[in-house]
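# Breakdown of the fold
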Amino acid sequence: MDVDLRKVRYFVAVAEELHFGRAAARLHIAQPVLSRQIRALEGELRAQLFRRDRRSTELTDAGRQLLEDARPLLASAEAMRRRVATAARGSATFTVGFMPGITVTDAVRELTARHPGLAVELIRTTWDDQVDVLHDGRADVSVVRLPVDRRGLTVRPLFREPRVAVLPAGHRLAGKDAVLVGDLADEHLLNNPDAVPEWRDIAVEFREGVPRPRRGFGSVEEKLEHVAAGRGIAVIPLSTSEYYTRADVAHVPVEDLPPNEVCLAWIAARRSRLVYEFAEIFATRIPSD
């Protein structure tokens, strides 16, 4: 059976919104059209994907399974479209994603020196999209900070570096030579807790009450603005803290946090010679611990 990617895309919108009206608005189509497309997809798959009543829309077990499979499927299709479009333009490009604080300049210079006709482009990524740029084809390789979802990826370790706590300049711990993660137990962490699982284990807000809501940050600069305003603290790698310095925040090493691991990642199924060449170049220009 052939799967219609358009119907799958419609399904993902409904699954993420859990509301046919909002999904239809997001897709810029009429709600009755969306409902017909979902019914058609259910018929093709011979499975009910949603349970609906007057008050709610919920995914069935089959729907949850489809959502898990659909996202990488759509990302792979988008990656194929991007690569075909690039090839059709006749332009040779190679795109590198990188997290804040990581410098890729030397490796990029070496790659362009070896391939003068190659246009190397750069994408600055965030915690939330550092592997998404690989799956949807925006980047050929991505310099990532662990942990990441490794499914479908080749992940090559590069180096490790200490992590520091970023505090408001007037904080009681600012100016100390180092702190322990337990010293931060009373603080509100602005990071995604998955990035600092050690803090989750000792955090007072998790143990004794309802965790304060978190919001996603589009950049390190935005996160530092919230730290400076006294809305919480952040834990970031040492190189990131050294790159983003400002007078109204303090950086203090956290002695008992394991180092952040930096790796180079790419789609495991890719057989691009440039991917492997760049990986070798980058590995020789990054000091190991």
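The structure displayed is predicted, hence computed values, not measured ones.

## A word on the nonpolar core
- Counting 24 residues, the largest nonpolar core has Phe94, Val143, Leu264 and Phe278 as the members making the most contacts within it.
- Secondary structure elements with two or more residues in this core: strand 3 (93–98), helix 5 (105–114), strand 5 (141–145), strand 6 (153–161), strand 10 (260–267) and helix 11 (273–285).
- Take this core: its biggest share by element is six residues, from helix 11.
- Discounting chain neighbours no more than four positions away, the residues touching Phe278 are Phe94, Val96, Ala107, Val108, Leu111, Val141 and Leu264.
- With 20 residues, the next largest nonpolar core counts Val8, Tyr10, Phe11 and Ala23 among its residues.

## Focus on helix 9 (residues 220–228)
- Among all positions in helix 9, only Val220, Lys223, Leu224, His226 and Val227 are buried. For helix 9, the angular spread of the buried residues around the axis is 160°, confining them to a single face.
- As for helix 9, its buried residues are in contact with strand 4 (119–124), strand 7 (163–168), strand 8 (234–237), helix 10 (238–243) and strand 9 (249–253).

## As for the sheet that holds strand 8
- Reading across from one edge, 8-7-9 is the order of the three strands in this open sheet, with antiparallel pairing throughout. At either end of the open sheet lies a strand with only one pairing partner, and these are strand 8 and strand 9. Averaged over all pairs of adjacent strands, the angle between their axes in this sheet comes to 35°, without regard to strand direction.
- Sheet contacts for helix 9: strand 7, strand 8 and strand 9; angle to strand 7, the most-contacted strand, approximately 50°.

## Things to note about the pairing of strand 5
- Most of strand 5 is tucked away: five of the five residues are buried.
- Burial along strand 5 is two-sided: Val141, Val143 and Arg145 and Ser142 and Val144, pointing in opposite directions, are all buried.
- Of the pairings in the sheet, the one linking strand 3 to strand 5 comprises three bridges and is parallel in character. Within strand 5, the residue paired with Gly97 across the bridge is Ser142.
- In this structure, strand 5 lies alongside strand 10, joined through four bridges in antiparallel fashion.

## Considering the environment of Ala174
- Summarising the element assignment, Ala174 is placed in the loop between strand 7 and helix 7 (197–202).
- Taking the C-alpha atoms as reference points, Ala174 and His251, separated by 77 residues in sequence, lie 7.3 Å from one another.
- In this structure Ala174 touches Leu167, Pro168, Ala169, Ala250 and Val252, once residues within four positions along its chain are discounted.

Calculation notes
- Residues numbered from 1 in each chain as written.
- Predicted model: local features only at pLDDT ≥ 70, side-chain atom pairs only at ≥ 80, totals over all residues.
- Heavy atoms only, no water.
- Core = buried A, V, L, I, M, F, W, Y, C linked by side-chain atoms within 4.5 Å.
- Buried < 20%, exposed > 50% of the residue type's maximum accessible area, 1.4 Å probe, protein only.
- Helix = DSSP H or I, 4+ residues; strand = E, 2+ residues; numbered from the N terminus.
- Contact = heavy atoms within 4.5 Å.
- Arc of directions from axis to C-beta.
- Pairing = 2+ DSSP bridges.
- Axes fitted to C-alpha atoms, helices over the stretch in contact; angles between N-to-C directions.

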